[in-house]
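Topology and contacts: notes
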Amino acid sequence: MSRRVLVVDDEKLIVKGIRFSLEQDGMEVDCAYDGEEALKLAKENAYDMILLDIMLPKHDGFEVCQQIREFSDVPIVMLTARNDDMDKILGLEYGADDYITKPFNILEVKARIKAIMRRTGKRGKTQVNDKMIVKGSMKIDCESRRVVIGEREVNLTAKEFDLLELLAMNPNKVYSRENLLNIVWGYEYPGDARTVDVHIRRLREKIETNPSDPKYVYTKWGVGYYFRG
């Protein structure tokens, strides 16, 4: 079954180039040229990946990403025209999984897309048995990728769930930021440790009663993060 990608950018030549290249690899590609159109397509279709430019008419990429995260955990890769750390951090804050800086090499874009799809595909194949992690009032269903705390279901992005699942399946094991980057994002990921910090902070805001005094995901100062078993 072919993979389906949504490409969102108001520069039609860029969209045309990405679309042609991905279709050459057998992927199905939909295109949107503004934020409003992107949201409409994301709500109406199931995508394996969304490539999302930041500078868009009607709704910018940050707003689109934030709204998509309200109903989907589809992997989102932000495209930014500036090599600006603030753009990258903001993209991650709004729920993006990755970012690519323009101008980019289409081979790099394809490699990053394939790496993310390999990881999400592998994830689906390995979880054939029911796996449930219970810690206090939290239940993590690794097969359906759902997290419930008490009676409340928590809506996590793909990367937030990946982080929580890894830490919870290895309680009391401390992972450095570099380890988490390599395992969850992959060795080819060019980001830095702040990517992990942003995702951990977002995760805590969703699962902890008091994020500054966590009872699930702890910080080992100067080392990294761990799940209290």
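Residues numbered from 1 in each chain as written. Predicted model: local features only at pLDDT ≥ 70, side-chain atom pairs only at ≥ 80, totals over all residues. Heavy atoms only, no water.

- Where an unreviewed UniProt entry is consulted, the protein chain appears under the name Stage 0 sporulation protein A homolog, with the organism given as Sporofaciens musculi.
- Listed in UniProt under the heading Function (unreviewed entry), the comment for the protein chain reads: "May play the central regulatory role in sporulation. It may be an element of the effector pathway responsible for the activation of sporulation genes in response to nutritional stress. Spo0A may act in concert with spo0H (a sigma factor) to control the expression of some genes that are critical to the sporulation process." (UniProt positions renumbered as here; feature names shortened; annotations may be inferred.)

Section: the side chain of S21
- As for its position among the elements, S21 is in helix α1 (residues 12–24).
- Overall, S21 belongs to the buried group, its relative accessible area being 10%.
- Contact partners of S21, with chain neighbours within four places excluded, come to I106 and K110. (Helix = DSSP H or I, 4+ residues; strand = E, 2+ residues; numbered from the N terminus. Buried < 20%, exposed > 50% of the residue type's maximum accessible area, 1.4 Å probe, protein only. Contact = heavy atoms within 4.5 Å.)

Description of the sheet that holds strand β12 (residues 224–227)
- Spatially, three strands are ordered β10-β12-β11 in an open sheet, and the strand pairing comes out antiparallel. In this open sheet, the two edge strands, each paired with only one partner strand, are β10 (175–176) and β11 (217–220).
- As judged from the four bridges shared by β11 and β12, these two strands associate in the antiparallel manner. Bridge pairing links Y218 to Y226 in β12. (Pairing = 2+ DSSP bridges.)

Focus: the domain arrangement of the protein chain
- Segmenting the protein chain into domains produces domain 1 (4–121) and domain 2 (132–227).
- The centre of domain 1, based on its C-alpha atoms, is set 24 Å off from the matching centre of domain 2.
- Of the residues lining the interface, 16 residues belong to domain 1; the matching set on domain 2 comes to 20 residues.
- At the boundary of domain 1 with domain 2, total buried surface from both sides reaches about 1,500 Å², with 46% on carbon and sulfur atoms.
- Close ionic contact of E93 with R201 constitutes a salt bridge, the shortest N to O distance being 1.9 Å.
- Seen at the junction of domain 1 and domain 2, the total is four residue pairs in polar contact (both at pLDDT 80 or more).
- When contributions to the side of domain 1 that touches domain 2 are tallied by element, the ones reaching two or more residues are α4 (85–93), β5 (98–101) and α5 (106–126).
- The element contributing the most residues to the side of domain 1 that touches domain 2 is α4, with four residues. (Domains from an automatic or database assignment. Buried area = accessible area lost by both parts, 1.4 Å probe. Salt bridge = Lys/Arg side-chain N within 4 Å of Asp/Glu carboxyl O. Polar contact = N/O pair within 3.5 Å; in protein donor to acceptor, adjacent residues only side chain to side chain.)

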